[in-house]
Amino acid sequence: MSTEGGSVVPTTGELKTAPDGSILGLHEIRKSFGELVVLDGVELTIKRGEVVCILGPSGSGKSTLLRCVNLLSPPDSGRIVLEGEEITGKGTAGLDFVRQRVGMVFQQFNLFPLKTALENVTLAPETVLGRSEGECRKRGEELLTRVGMADKMHEYPDRLSGGQQQRVAIARALAMDPHVMLFDEVTSALDPELVKEVLDVMRELADEGMTMMVVTHEIGFAREAAHRVVFMDGGVVVEDGPPSQVLDNPQQERTKSFLGLVLEH
Amino acid sequence: MEFIREYYFDFNVMSDYMSPILDGFWLTLKLSILGGIFSLIWGLVLAVLRQLPGKPLAPVRWLTIGYIDVFRGIPLLIVLLLVSGGLSTLAAPIGGDVLPDFIGKPTWFGETSPFWYGVISLTITYGAYMAEVYRAGIESVPGGQMEAARSLGMSHSQSMRHVIVPQAVRRVIPPLLNDFIALMKDTSLVSILGAAEVVYVGRQIQSDIFNGSGLVMGAILFLIVTIPLARLVDYMIGRQQARYERGIA
Ligand SMILES: Nc1ncnc2c1ncn2[C@@H]1O[C@H](COP(=O)(O)OP(=O)(O)O)[C@@H](O)[C@H]1O
Ligand SMILES: [Mg+2]
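Below is a short write-up of the structure.

Quick notes on the rules
- Residues numbered from 1 in each chain as written.
- Chains lettered and ligands numbered in written order.
- Predicted model: local features only at pLDDT ≥ 70, side-chain atom pairs only at ≥ 80, totals over all residues.
- Heavy atoms only, no water.
- Salt bridge = Lys/Arg side-chain N within 4 Å of Asp/Glu carboxyl O.
- Buried < 20%, exposed > 50% of the residue type's maximum accessible area, 1.4 Å probe, protein only.
- Near = heavy atom within 4 Å.
- Polar contact = N/O pair within 3.5 Å; in protein donor to acceptor, adjacent residues only side chain to side chain.
- Helix = DSSP H or I, 4+ residues; strand = E, 2+ residues; numbered from the N terminus.
- Nonpolar A, V, L, I, M, F, W, Y, C, P; charged D, E, K, R; others polar.
- Core = buried A, V, L, I, M, F, W, Y, C linked by side-chain atoms within 4.5 Å.
- Contact = heavy atoms within 4.5 Å.
- Buried area = accessible area lost by both parts, 1.4 Å probe.
- 1 Å grid on protein atoms, 1.4 Å probe; cavity = no way out; pocket = protein on both sides within 12 Å on 5 of 7 lines; lining within 4 Å.
- Points joined across faces, edges and corners; volume = space filled by probe spheres on them.
- Pairing = 2+ DSSP bridges.
- Axes fitted to C-alpha atoms, helices over the stretch in contact; angles between N-to-C directions.

Right, let's get into the pattern of salt bridges. Residue and element names in this part refer to chain A. All chains considered together, the criterion is met by 29 salt bridges over all chains. The closest approach of N and O atoms between Arg-79 and Glu-86, which form a salt bridge, is 3.7 Å. Taking the relative accessible area as the measure of exposure, Arg-79 reaches 40% and is therefore partly exposed. Under the relative-accessibility criterion, Glu-86 is labelled partly exposed at 30%. Each of Arg-131, Lys-138, Arg-139, Glu-142 and Asp-177 takes part in salt bridges that share partners, so that together they form one network.

Below, the structure written as structure tokens:
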């Protein structure tokens, strides 16, 4: 992995924290789809630079929680506070505020198929931030180099492996200079041999101090890279603590049985 | 047998009337191309209106759906008669002279009013058909594309414009071409208003000399355009199929 191109974590003064030092606060987050209660009062506070891995059985609302954070699917109730500003219940103003500060990477990559890797990375800064083509291009090349895609910048997604596509997707999210990054099972759709190259990029990002919320089944990654591990089940946070505690010495029955199942394999 | 040859394939008739038949076909082409272009644009507008997000815009969506249902469900011939009758009447004293003549009885770019009534009616009707094709195309773009675009801070319309519509349009080129073929054939209905397109000319010949060869000549001219188009559609669908099977696009 190259380290050219400087830090991707914004160091400018615009990055603010709440009085309690948190960059992101989720309070009493609730969300239902029809009768199905998916989030049932989630509480979670994340400090600047913290890497939080979220574990939990399938269907426990992990993706829904991430999608609430950037208001892709807004919570029914509860408050989300980003950098000291409440973003819930603010309409489009909240949307713009959060989407420009929170980047997201998806399980299915979701690269734009008609655009090259570089165009994928430059599209949003050009259209949303109105930056010049040259500036976006330079920044895009920098970011693609950082994720090890320097030699594939002009390839279309269908010519890239899953691991390569996912690294481009990470660069694409970073191009908006996010203060927080959300990762939703970003290695789950990858062939096993491609998982490491993506996790390496994420580890590097974590080392640089990016605030990250990572939904993952990679216990190894959680153990090494996370400052905190959160176990979710039934729409609530069941257990929350340092990896050594949650992974090696879980207090709750539900966490124990889940880890038992995951670690068996 | 002899009758068939003489009535349908009299090459003397065809060559004697070649010039008016070709003039007629030229008008057919102009109707098709203008009607086709306007339908493509109008259809896309309708499809996007139909796809607008949010509660406050629900009335726009319902109106658009209503429009599409109505004009897909009634014969083009009725639309032609209502458009020509309505516009010309509104520009006449009997209709209260509501419309100025240059709108009610348009003769833009030296073409006749029936020609423009035809273009307008084709656009109204085929816009509705094409809107449905675009919609299918927009809906066939995986939801993750819109989510990815929105998560990057792009607005709904920026996402549509830069991400969704370009993908949708590629997928819908073959079905749109099919609609274009249908539209081209339907230009023949404009003859009822007196636009001297190829079928109109063929019917004149038929009633003047009791011979159908002019109409057959017209049919052949249609086929010269429509068969290659149909082959092109097949080719493009085959190529897309191959791309899907390779797991992309
Ligand atoms: N848009 C939606 N409409 C209806 N149900 C949904 C929707 N999104 C998620 N769900 C349901 O919510 C539950 C939690 O989903 P999800 O957040 O994706 O769980 P996880 O990511 O933890 O596997 C699942 O039962 C899922 O079927
Ligand atoms: Mg999920």
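Continuing now.
Residues and elements named next belong to chain A. As a matter of local geometry, ligand 1 sits amid Phe-33, Leu-36, Val-38, Pro-57, Ser-58, Gly-59, Ser-60, Gly-61, Lys-62, Ser-63 and Thr-64. Interatomic distance of 3.2 Å between a backbone N/O atom of Ser-60 and an oxygen atom of ligand 1. Within the backbone of Gly-61, one N or O atom sits 3.0 Å away from an oxygen atom of ligand 1. Those elements giving two or more residues to the shell around ligand 1 turn out to be β2 (36-47) and α1 (62-69). In terms of residue count, the dominant contributor to the shell around ligand 1 is α1 (3 residues). When the residues that make up the shell around ligand 1 are grouped by side-chain class, the tally is 4 nonpolar, 6 polar and 1 charged.

For the rest of this paragraph, the subject is the nonpolar core. All names here are of chain A. Counting 54 residues, the largest nonpolar core has Leu-24, Leu-26, Ile-54, Leu-65 and Met-213 as the members making the most contacts within it. Discounting chain neighbours no more than four positions away, the residues touching Met-213 are Leu-24, Leu-26, Leu-44, Ile-46, Val-52, Ile-54, Leu-65, Leu-66, Val-69, Met-181, Leu-182 and Phe-183. One finds Leu-160, Val-186, Met-202 and Val-246 within the second-largest nonpolar core, a separate group that totals 49 residues.

Okay, the interface of chain A and chain B next. Think of interface size as the accessible area that goes away when the parts come together; that is how it is often given. Taken together, the contacts link 22 residues of chain A with 18 residues of chain B. Overall, the association of chain A and chain B removes approximately 1,700 Å² of surface from exposure, summing both partners, and the carbon and sulfur fraction of that is 64%. Together, Arg-99, Phe-112 and Leu-114 of chain A form the three largest contributors to the area buried by chain A at its contact with chain B, with a combined 29%. We note a salt bridge from Glu-147 of chain B to Arg-67 of chain A, for which the minimum N-O separation is 2.4 Å. At the boundary of chain A and chain B, one finds 4 residue pairs in polar contact (both at pLDDT 80 or more). Of all elements in the fold, only α2 (92-99), β6 (102-105), α3 (117-128) and α5 (162-174) of chain A reach the threshold of two or more residues within the side of chain A that touches chain B. Considering every element that reaches the side of chain A that touches chain B, the biggest residue donor is α3 of chain A, with 4 residues. Of the residues assigned to the side of chain A that touches chain B, the class counts are 14 nonpolar, 3 polar and 5 charged.

This part is about the layout of surface pockets. Sizing a probe to match a water molecule and rolling it over the atoms shows the empty space that remains. All names here are of chain B. Put simply, the second largest pocket is a space of about 250 Å³. Lining the second largest pocket, in full, are Gln-51, Pro-53, Ile-138, Glu-139, Val-141, Pro-142, Gly-143, Met-146, Arg-150, His-156, Met-160 and Ile-164. Listing elements by their share of the lining of the second largest pocket, those giving two or more residues are α7 (113-140), α8 (143-151) and α9 (156-186). Partitioned by chemical class, the residues of the lining of the second largest pocket number 7 nonpolar, 3 polar and 2 charged.

This next bit is on the sheet that holds β6 of chain A. Residues and elements named next belong to chain A. Spatial ordering of the open sheet is given by β6-β7-β8-β3-β9-β10, a layout of 6 strands whose pairing is mixed. If you trace the sheet from one side to the other, it starts and ends with β6 and β10 (236-241), each paired once. On average, each strand axis in the sheet is inclined to that of its neighbour by 20°, with strand direction left out of account. Here strand β9 (residues 228-233) runs beside β10; their pairing, made up of 5 bridges, is antiparallel. If you follow Asp-233 over to β10, its bridge partner there is Val-236.

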